[in-house]
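These are the residues of each chain, in order.
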Amino acid sequence: MSMIFTGITGLNAAQTALNVTSKNIAGVGVNGYSRQVANFKTSDIGGVYINNIERVSDQYAVQQAWFNATQYGYDTTNASHNLQLETLVSGKNTSLSPSLNGFFDTLNAASADPMEIAYRQEVLADAEDLASRFNSLSSSMNKQAADVESQLSSLTGEANDMLASIAKTNEAIAAAAAIGNVPSHLLDERDQSIQQLSELMDVSIIFEQDQTATVTIPTGEPLVSRGETNELVLLPGYPDASQTQLAVKSHDATKRIDQPGGGIGGLMDFREDTLSQSQRELDRLALAFSNEVNALMEKGFDLNGAAGSALFGDINSSELMRNRSTHIGGTNSVNLDIKVDDTSKLTADNYVFSKNDKNELEVHRHPGGEKVDFETDTTTGDISFDGITISAADGKTLGDMAAGSSYLIEPGKGAAGTMEVVLDDPEKLAFSGKADEPGNNSNLLDLIKLQDKTIAGGQSVNQGWNSIISDVASSSARATNSLAASEMLYQEATSRVQSESGVNLDEEAGNMLMFQQLYSANAKVISTADELFQTLLQAV
C-alpha cells in the first residue's frame, strides 16, 4: 500500500504543478500578472505533496517601478504640453513674427510715398493682421489652459478610481488573510492599481500585518487605509482661482497637496511655470507695443493736417482698468482701477494687493511672494509701483478698503486678447511730423524705429517676442530630455519586475513537459503496484 500511496501523492502533486503551469501560460498576456511556483515537499509518512503555491514577486523591484512611474507620468504630461506650446509660438502660421515683420515692412514701404493711399491701406491691413495674431495667440493659450484644467479633472477622477480599487482589493485581501490564504490575483490587482496611481501622483505605500496596503501622500496624509478612502478634489487656486489645486478631503478637513507629482504634477507645473508666464509676457508685449504706437500716432499729423489719433485701442480703457483686479479674500469693500502709467517699467508678474489687520497696505509679487515697495500719492492715497497705479473707484479711496481684504492684480490681463485696431480711415494715419506738411514722413520714420526701440523689460518688440519663443523652447527641450531619461528608467524598472515576476514561455514549456513526465511516472507506479497486488492475491 505504501507504494500505491506514494504514487497517488506524486500523481496529485504533479497534477497541481501542471495546473499552476497552465495558469502561468494563460497569464502571459495579462498585465501585472505574477507567475506562480508550486513548491514540492516530502511527507513524513511517505510520498510528496505541494507545500505551497508561491507568488514570485520582488517587492523592492516593484516599488522601484512605482517610483519611476511617478517621474515618467510627470514628464509625459509636462513634455506633451510644452511641445504643444512650442509649436504654437514658433509655427509659421501661428507665430507673431511674420505679422510683426509684415507690419514694419509695410511702414518701410510707405515711407517712400507717405501720401499714397494704397500704402496707407496696406499699413491698416497689416495692423489688423498683427492685432489678430495677438488675439489668436492669446485665444490659443487660453484654450490650452482650459485643456490643462480639463485634463487635471480627468486625471483626478482616474486617481480616485485607483484609490477605490486599492481599498476594495484591501478588503478582499484582509478577508482572505484572516483564513490564511490570500489569492495571488488579488495581490497582482492591487500592485497594478498602485502602479497606475503612481503614474498619476506621488504616493507612499505601507504594507500592514494583515497584508493590506496603506496609501498616503508623501507628507503623511492617508489616501487609503484598509477599505477606507479619502477623496481627491480640485479646489480653486490661490490667488488665481482659475488655476485649480489638488487637495485630499477627509472626514474633518481638506488639505491642499502642494507638490502632487506624477501626471497631475506635470500638468500643474507646466501651467504655472511655462504657460502662465508666456501669457503674461504676451500681454505685456501687447500693452507696450500698443501704447508706443499710439503715443507716436497721437504726436503726429494725418494727411489732412489734423492731429493724429490712436491706431490701437486705449490700454487704459475703463473696462480694462477694472478687469485688472479680482477680489480674492476678506470683505470686498471697494472696486479697484489699475492704470498702466509706464509700459517700460512693467514686469511680467502679477501681484497680491492687501490691507493687513493693522490697516497697512501691502503688495506681494506673484509668483514668488516677495514684498514690493510702492509710492503713495499724498493727495489721493493711490499707490504706484512697477509702472502701474492702483486707485479705488466709485469715489472711494484705498483707505476705504476693509482690513483683511485682498485682491489679485493682473496688469496685463486681456491685453493680447482684446488688442484691436480702432482707426479705419487711412487718411488719418499720422505719418507727418508737421501739420502743414502732409508729405513729411518724420513721424512715420519714428514708427519704423519702434521696431528696434526698447519698450518693455529692456527689450524691443521683436526681442520680447523672440524671448518668449526662446523661453518656451528651452522649457520644452528640458521637458523632452527629462522624458527620454525617465522613460528609459521606467522601462528598465518594469523590465526588472518582468524578469523576476513575468512568465517565460520557454521555461513554462519545460515545466509542463517535466510535470507531465512526473504525472505519467507516478501513474506507472500506481499501475505497477496494482499489478503486484493482484499477482499476490492470485497466488494465495
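Up top is the structure.
Definitions and limits used
- Residues numbered from 1 in each chain as written.
- Predicted model: local features only at pLDDT ≥ 70, side-chain atom pairs only at ≥ 80, totals over all residues.
- Heavy atoms only, no water.
- Pairing = 2+ DSSP bridges.
- Helix = DSSP H or I, 4+ residues; strand = E, 2+ residues; numbered from the N terminus.
- Contact = heavy atoms within 4.5 Å.
- Axes fitted to C-alpha atoms, helices over the stretch in contact; angles between N-to-C directions.
- 1 Å grid on protein atoms, 1.4 Å probe; cavity = no way out; pocket = protein on both sides within 12 Å on 5 of 7 lines; lining within 4 Å.
- Points joined across faces, edges and corners; volume = space filled by probe spheres on them.
- Parallel < 35°, antiparallel > 145°, perpendicular 65-115°, else oblique.
- Left-handed = near helix turned anticlockwise from the far one by under 90°.
- Nonpolar A, V, L, I, M, F, W, Y, C, P; charged D, E, K, R; others polar.
- Buried < 20%, exposed > 50% of the residue type's maximum accessible area, 1.4 Å probe, protein only.
- Phe/Tyr/Trp six-rings, centres within 6.5 Å; stacked < 30°, edge-to-face > 60°.
- Core = buried A, V, L, I, M, F, W, Y, C linked by side-chain atoms within 4.5 Å.

> Please give an account of the sheet that holds strand 6 (residues 228-229) that cites residues and values.
Taking strand neighbours across the sheet as the criterion, the 4 strands line up as 3-4-5-6 in an open arrangement whose pairing is antiparallel. Each edge of the sheet is formed by a strand with only one pairing partner; in this case those strands are strand 3 (204-207) and strand 6. Lying on the sheet, helix 4 (residues 117-178) is in contact with strand 4 (213-216), strand 5 (222-225) and strand 6; it crosses strand 5 at an angle near 30°.

> Outline the layout of surface pockets, listing residues and values.
Taken as a whole, the largest pocket spans an internal volume of roughly 1100 Å³. Looking at the lining of the largest pocket, the elements with two or more residues in it are helix 4, helix 6 (262-299), strand 10 (325-329) and helix 8 (415-418). The greatest single-element share of the lining of the largest pocket, amounting to 13 residues, is contributed by helix 6.

> Pulling in residues and values, what's your account of the packing of helix 2 (residues 59-90) against helix 6?
Where helix 2 contacts helix 6, the axes come no closer than 7 Å and their chain directions differ by 30°. Judged by the angle between their axes, helix 2 and helix 6 are roughly parallel. Helix 6 is crossed by helix 2, and the crossing has right-handed handedness. Facing helix 2, whose interface residues are Thr-70, Gly-73, Tyr-74, Thr-77, Asn-78, His-81, Asn-82 and Leu-85, helix 6 presents Gly-262, Gly-263, Gly-265, Gly-266, Leu-267, Asp-269, Phe-270, Thr-274, Leu-275 and Ser-278. Per-class residue counts for the contact of helix 2 with helix 6 are 5 nonpolar, 12 polar and 1 charged.

> Explain the pairing of strand 8 (residues 245-249) to me, and be specific about the residues and the numbers.
Burial within strand 8 is extensive, with 4 of its 5 residues counted as buried. Where strand 7 (residues 231-235) meets strand 8, 5 bridges bridge the pair, whose relative direction is antiparallel. Looking at strand 8, one finds that Leu-232 is bridged to Val-248. With 3 bridges joining them, strand 8 and strand 9 (residues 254-256) adopt antiparallel strand pairing. Bridging across to strand 9, Lys-249 finds its partner in Thr-254.

> How would you explain the sheet that holds strand 15 (residues 383-385) if you had to name every residue and give the values?
Pairing is antiparallel in the open sheet, where 4 strands are placed in the order 11-16-15-14. In this open sheet, the two edge strands, each paired with only one partner strand, are strand 11 (336-340) and strand 14 (375-376). The pairing of strand 14 with strand 15 spans 2 bridges and is antiparallel. In the sheet register, Glu-375 faces strand 15, and the bridge partner there is Ser-384.

> Would you mind going over the environment of Asp-382 in detail, with residue names and values included?
With respect to the secondary-structure elements, Asp-382 resides in the loop between strand 14 and strand 15. We classify Asp-382 as buried; its relative accessible area is 18%. Each C-alpha atom of the pair Asp-382 and Leu-398 lies 6.7 Å from the other, and the pair is 16 residues apart in sequence. If near-sequence neighbours (up to four positions away) are discounted, Asp-382 is found in contact with Glu-375, Thr-376, Asp-377, Thr-389, Ile-390, Ser-391, Ala-392 and Leu-398.

> Lay out empty space enclosed by the protein with the relevant residues and their values.
All told, the structure shown has 1 cavity of 30 Å³ or more when counted by the stated rule. Roughly 60 Å³ of internal volume is contained in the largest cavity. Forming the walls of the largest cavity are Glu-281, Arg-284, Leu-285, Ala-456, Gln-459 and Gly-464. Counting residues per element, the lining of the largest cavity draws most heavily on helix 6, which supplies 3 residues.

> For the packing of aromatic side chains, give the residues involved together with the corresponding values.
Note on aromatic pairs: each is described by the distance of the centres and the angle between the planes. In the structure shown here, the tally under the stated rule is 7 aromatic pairs. Taken together, a centroid distance of 6.5 Å and an interplanar angle of 35° make the contact between Trp-66 and Phe-207 tilted. A residue pair is termed long-range when its members are at least 10 positions apart, and Trp-66 in helix 2 and Phe-207 in strand 3 qualify at 141 residues. Seen in terms of ring centroids, Phe-289 and Phe-312 are 6.1 Å apart; in terms of plane orientation they differ by 50°. Their pairing is tilted.

> Account for the nonpolar core, naming residues and giving values.
Core analysis: the largest hydrophobic core is formed by 100 residues, its most contacted members being Met-201, Phe-289, Leu-311 and Trp-465. Ignoring anything within four residues of it in the chain, the contact list for Met-201 reads Thr-70, Ala-159, Ile-217, Leu-223, Leu-232, Leu-246, Ile-257, Pro-260, Gly-261, Gly-262 and Gly-263. Within the second largest apolar cluster, 5 residues are counted, among which are Ile-173, Val-182, Leu-186 and Leu-187.

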